[in-house]
Amino acid sequence: MNKTLSLLALVACSVAAPVVHAQSAGSWSVRGGVTHISPDVSSGNLSAPSLPGSQVDVKSASQASVGVTYMYTDHFAVDLPLALPFRHDLVGAGALAGVGKLGDVKVVPISVFGQYRFLQAQVPF
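All values reported here derive from a predicted model rather than from experimental measurement. The residue numbers shown here count from 1 along each chain, following its written sequence. In view of the model being predicted, local features appear only for residues whose pLDDT reaches at least 70, and side-chain atom pairs are presented and counted only at 80 or more, with totals across whole chains, interfaces and linings using the full set of residues. Computation of side-chain values: all heavy atoms of the structure, hydrogens and water removed.

Caption draft 1: Spotlight on the packing of aromatic side chains. Pairing of aromatic side chains here covers Phe, Tyr and the six-membered ring of Trp, requires ring centres within 6.5 Å, and sorts the geometry by plane angle: under 30 degrees stacked, over 60 edge-to-face, intermediate tilted. Scanning the model with the defined rule gives 4 aromatic pairs in all. A centroid spacing of 6.4 Å and a plane angle of 25° characterise the contact between Tyr72 and Phe76, whose relative ring orientation is stacked. Think of it in three bands: residues with accessible area under 20% of the maximum for their type are buried, residues over 50% are exposed, and the middle band is partly exposed, with areas taken using a 1.4 Å probe on protein chains only. On the basis of relative accessibility, which here comes to 52%, the residue Tyr72 falls in the exposed class. With relative accessibility at 34%, the residue Phe76 sits in the partly exposed group. Ring geometry for Tyr116 and Phe118: centres 5.1 Å apart, planes at 75°, overall edge-to-face. Here the two residues Tyr116 and Phe118 agree in accessibility, since each one is exposed. Put simply, the rings of Trp28, Tyr70, Tyr72 and Phe76 pair up and form one aromatic cluster.

Caption draft 2: Seen up close, the sheet that holds strand S3 (residues 61-71). Any two strands are treated as partners once DSSP identifies two or more bridges connecting them. Runs of H or I in DSSP of at least four residues are treated as helices and runs of E of at least two as strands, each being numbered from the N terminus. Reading across from one edge, S1-S3-S4-S7 is the order of the 4 strands in this open sheet, with antiparallel pairing throughout. Two strands close off the open sheet at either side, each with one partner strand: strand S1 (28-37) and strand S7 (113-116). For this sheet, the mean inter-axis angle between neighbouring strands, taken without regard to orientation, is 30°. As defined by bridge partners, S1 adjoins S3 across 10 bridges and the pair is classed as antiparallel. Residue His36 lies in a different strand from S3, and its bridge partner there is Ser62. Axis definition: a line fitted to C-alpha atoms, limited for helices to the stretch in contact. Angles are taken between N-to-C directions and run from 0 to 180 degrees.

Caption draft 3: Highlighting the sheet that holds strand S2 (residues 54-58). Read from one edge to the other, the open sheet built from 3 strands follows the order S2-S5-S6, with strand pairing classed as antiparallel. Edge positions in the open sheet fall to S2 and strand S6 (101-107), since each of these has one partner strand only. Here the strands of the sheet are splayed against their neighbours by 30° on average, with no regard to which way each runs. Taken together, the 5 bridges between S2 and strand S5 (residues 86-94) define a ladder with antiparallel strand orientation. Across the sheet, Ser54 pairs through a bridge with Gly94, a residue of S5.

Interpretation in functional terms is not warranted from these geometric data alone.
See below:
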């Protein structure tokens with residue numbers, strides 16, 4: 001399913017590419033796509049009463065996402081990415097590697113990005 005979403009996002013971007021224009025101060029833009037979160041986990045050993053070498057791993061997750069961007073000046077923009085919660089499976093690692101899924105967690109990554117755009121607003125892409 002993740003490959004299908006990625007392929008659909010790629011096709012949508014390639015179709016929309018000819019109509020993309022530079023943006024000037026005061027303009028808004030909305031984008032859509034797929035966001036993939038792949039946690040970098042380095043779990044230490046779990047404490048007693050678990051078996052020695054028992055660890056936990058967190059699997060990656062993908063989700064359809066959108067974003068809203070506002071151009072404050074011709075060069076500086078603020079971007080707010082939006083998505084539904086990402087669901088990550090918690091699985092056993094180390095001595096618990098064969099156990100499978102231990103549970104899951106839902107995460108909403110809240111972030112705001114500042115962007116600096118080097119080209120002039122009138123430059124065609």
